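Okay, here's what each chain looks like letter by letter:
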Amino acid sequence: MRYASIRSFDITNGEDIGVTLYVQGCHRHCKNCFNSETWDFNGGKEWNDEVKNQFLALIDRPYIKRVTILGGEPLAYENLPEVYDLVKTIKEKFPDKKIWLYTGYELSCGINEHGDLVGDFANADIGWDNGLLSNHIVRACDVVVDGDFRDELKDYTLKFRGSSNQRLIDVQTTIKNGTITLWGDANE
Amino acid sequence: MINNVCKRDGSITEFDDKKIYAAISYAYLDVYGELSEEKEEEIEQITDDVVDSINFFTNTIHVETIQDIVEQEISKKDFYVSKAYITYRYRKNVARNTTDNAIMELVGGENDYWNNENSNKDAMLATTQRDYLAGIVSTDITERMLLPKDIVEADKEGIIHFHDKDYFIETINNCCLINLEDMLQNGTVVNKIAIEKPHRFITAMTIATQIITAVASSQYGGTTITLTHLAPFVRDSYNCYFNKYIKRGFDMQSAEHFASEDLKKEIEDGVQTFNYQINSMSTTNGQAPFISVCMYLNEDPEYTKEVAMIIEEFLSQRMLGMKNEKGVYVTQAFPKLLYVLDENNIHEDSKYYYLTELAAKCVAKRMNPDFISAKVMRKLKGDVYPCMGCRSFLTPDTMPENGIGNVAKAQNYSPNKHKYYGRFNQGVVTLNLVDLALSSEKDVEKFWRLFEERTELCHKALRCRHERLLGTTTEVAPILWQHGAFARLEKGEKIDALLLNNYSTISLGYAGLYECVKYMTGVSHTDPEVGMPFGLEIMQRLNDKCAQWREAETIAYSLYGTPIESTTYKFAKKLKERFGIIPDITDHDYITNSYHINVREEIDPFEKLRIESKFQELSPGGAISYIETDNLTGNIPAVLNVIKFIYDNIMYAELNTKSDYCHVCGYDGEIKIISEDDKLIWECPICKNRDKNKMNVTRRTCGYLGTNFWNQGRTEEIKDRYVHMTDHEVKE
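This write-up is about the structure you can find in this document. Keep in mind it's a predicted model, so treat the numbers as computed, not measured.

**Focus: the overall build of chain B**
What chain B contains, in helices and strands, is 28 helices and 25 strands. Principal-axis analysis of the C-alpha atoms gives chain B an extent of 110 × 70 × 60 Å. With 732 residues in all, chain B has 57% of them scored as buried. The contacts in chain B between residues at least 6 apart in sequence include a share of 72% that link residues at least 24 apart. In the structure as shown, chain B presents an accessible area of about 30100 Å², 49% of it carried by carbon and sulfur atoms. Side chains of chain B give 83 positive and 111 negative charges; the mean places of these two sets differ by 4 Å.

**Observations regarding the pairing of strand 16 (residues 556-561) of chain B**
Residues and elements named next belong to chain B. Most of strand 16 is tucked away: six of the six residues are buried. With burial as the criterion, each face of strand 16 is covered, one bearing A556, S558 and Y560 and the other bearing Y557, L559 and G561. Relative to strand 16, strand 15 (residues 505-511) runs parallel, the two sharing six bridges. In the sheet register, S507 faces strand 16, and the bridge partner there is S558.

**Here's the deal with the interface of chain A and chain B**
If you look at the interface, chain A gives 20 residues, while chain B gives 20 residues. When the buried area of chain A at its contact with chain B is split by residue, F9, I11 and Y63 of chain A rank highest and sum to 41% of it. Linking chain A with chain B are two salt bridges. Its salt-bridge partner being R7 of chain A, residue D727 of chain B comes within 3.0 Å of it at the nearest N-O pair. Our count for the chain A to chain B interface comes out at 13 residue pairs in polar contact (both at pLDDT 80 or more). Among the elements that line the side of chain A that touches chain B, the one with the most residues is strand 1 (residues 2-10) of chain A, at seven residues. In terms of residue class, the side of chain A that touches chain B is made up of eight nonpolar, four polar and eight charged.

**Considering the pattern of salt bridges**
Residues and elements named next belong to chain B. Tallied over the entire structure, the rule returns 58 salt bridges over all chains. The salt bridge partner of E302 is R235, with a shortest N-O separation of 2.5 Å. Of this pair, E302 sits in the loop between strand 9 (291-295) and helix 14 (304-320) while R235 sits in helix 12 (residues 231-247), and the two are 67 residues apart along the sequence. The partner of D262 in a salt bridge is K244, and the shortest N-O contact between them spans 3.9 Å. Taken together, the residues D262 in helix 13 (residues 252-280) and K244 in helix 12 connect sequence positions 18 residues apart. Put simply, E628, K658, R714, E717 and R721 are held in one network by salt bridges that share partners.

Here is what the cut-offs are and how they apply
Residues numbered from 1 in each chain as written. Chains lettered and ligands numbered in written order. Predicted model: local features only at pLDDT ≥ 70, side-chain atom pairs only at ≥ 80, totals over all residues. Heavy atoms only, no water. Helix = DSSP H or I, 4+ residues; strand = E, 2+ residues; numbered from the N terminus. Buried < 20%, exposed > 50% of the residue type's maximum accessible area, 1.4 Å probe, protein only. Contact = heavy atoms within 4.5 Å. Areas by Shrake-Rupley, 256 points an atom, 1.4 Å probe, with all protein chains shown as cover. Lys, Arg positive; Asp, Glu negative; His and termini not counted. Charge placed at Lys NZ, Arg CZ, Asp CG, Glu CD. Pairing = 2+ DSSP bridges. Buried area = accessible area lost by both parts, 1.4 Å probe. Salt bridge = Lys/Arg side-chain N within 4 Å of Asp/Glu carboxyl O. Polar contact = N/O pair within 3.5 Å; in protein donor to acceptor, adjacent residues only side chain to side chain. Nonpolar A, V, L, I, M, F, W, Y, C, P; charged D, E, K, R; others polar.

Spelled out as structure tokens, the structure:
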């Protein structure tokens, strides 16, 4: 994986004070994307163990309450293994810190006739298919902001997102309820 | 070649030899009545000679120097004319009073100095001008008659700053904590009218504002009251309503319910009255009273509940703001709010955490309240109490230990407790640490030798302040000395006992620790290896000096992080004059306040507070730390995160947010400072409006909020402030 940039201090991409990783590469190419230099999967810088450790060190400060991963597209097929590895490490090392993730994909959630969770929040086995990794990434998060940026719905007054179609999803409650549940009062 | 002439008021005008010719002609006319051709030729000759002599100078020459040369040249030609010229100069000099220029500049309204001298004062207002007029006279007499020459010289050179010369002619004090409890509970007198104990909260609030205005008019610094002193009247009001409903035959439960409803309304009205009174009244100092309001739940455990009710109302009304002349809600500057963090409001499960959440929302929107950590303060001072006005802290008194007792004759004195309300400060003299460093030429030995000399010069200046007050009788300000704000002394009695016995404090100020350490060591005082130890040593030695003087004189000398609101510009200009431009030391129009980390330094907000707390601890006479933030109204948990950090780490801190207003387009975000032709200009980023009369800009100047703009030096400092609390990318 490659990444575009890291913020050591962030108050914009989520609640409280956080650190932020902008991964590199995105297939969505939304019109008037604020960050189009992150589209190219070969752009940016190499994400390796050294960078990862530096990122973890930034998280490891008492007043950092949140980690936000955005991009680029963290749930792009190419980025899944490293993003999964990262969220897993954060979960283990810093169980009290919140994880936020921004994706252009629109997520869905439901319950099938057997009462099992289906869709992007389902607890699928991790096998050979990277596609299922994305479920595990999502499930490790506290808040996922989903949906393309749509220029015609752009609104600067919105909290933590760019256009009004995008949703702040409360992941753990969504899993519990079996249906997409919005987070906090920021969706109004 | 000479191009310019510097006039007496400092303004520069183009050199014109016709003026020389005219001046010489007048002297000739004075002697001969009319001018023969021969005399006219002589005048032309003298003019040419003067111009030749002047041309030895380059660029700019002072008008007095020109007149000296004219005098010389005439005397070579004509004794009688030169005598006439000398007499003429002498008479003009006598007529030219020492304060004329300053006064004409002030009333002319064109001079930047006066317009930006104090960001809480509007120099265009007739009422403010009256205060400034008195100030000009006071400064003049202070410099010519009241202070020794060496102090006046050092003050002029910016080696030290003798504060408040504009009030020094009067025997009044600096700042204070008002003993409002004594005044309200036991009665007071304002303008010879006796005011008895009020029966209800709303009356108590009205009286409080009258007391504040009267006190603020009798001194030149800030005042503080505490809500704790008003809380008993909330209970009185409640009981009053409750009894009314019981008398009307309501059952207990209904009576309680209705009484609570009525009380809520009364608190609303009382707080609103307070806000309107404070912001609409003007003191004799030509401004709204400099008032801080302390919000401390645990000051008197008996009234925690009532204090909580008043705090909630103060914060709610503050968040809303006050309307400006356009009817738009804007940030008000006063009162400054001091919110004390303690165990029962800091944790998410604390009983009064909802108040801290409200305080977080309020500070994000309106830059108030400031935060005092009871936890850190108990550790440093042993007690919890507010600052006097903006940042000046009392040191605990020594009355209980020394058996001095109730020297102020307060009626609420308790011999077992330390006393804070009713105490005050005698004034400030500030040492310019940057000049000290530069004068030492990086020689550490010389540095400490000069340190000794200059701190003793400050000591001498502080003694002048103290001695100016000694012998003052209580009639100077009856509200302070006779009717309870500070004391209940007799008419005609001297206030001397309150100037000694460590009852009141006197402040050794300091400024520019950053530039001082940077020049001496090559690094900032944030550097843990070299800079910080040296910075801390300077602070410690300043404290040692205060301790030594305190011990010898029983005057509570205390080290104070001076706000240097407009003095920063004076210091910076003098440093440039004396030492030239030295990168990162004298290359700005301001120097760094107190122990603050340089405003340009890119540092994490928590790291800034953590490091500054080490220095704040050594600034017991007062100091405040701040962090500069982006708009945080959409991220209150981030504000609470900082507030919790303050509680654990630093005694007194504040957040500088931005909420301006442009009258032209209605924009209410941050109005920016842009630089054009070496001038700094405030400009609305949306409509590009630059008319200061059509915008409201509120910035934390030093401790207080300023709303009337600042001088060039302070404006540059505001522009340079690194925003600590915003998104920061990791640089490669």
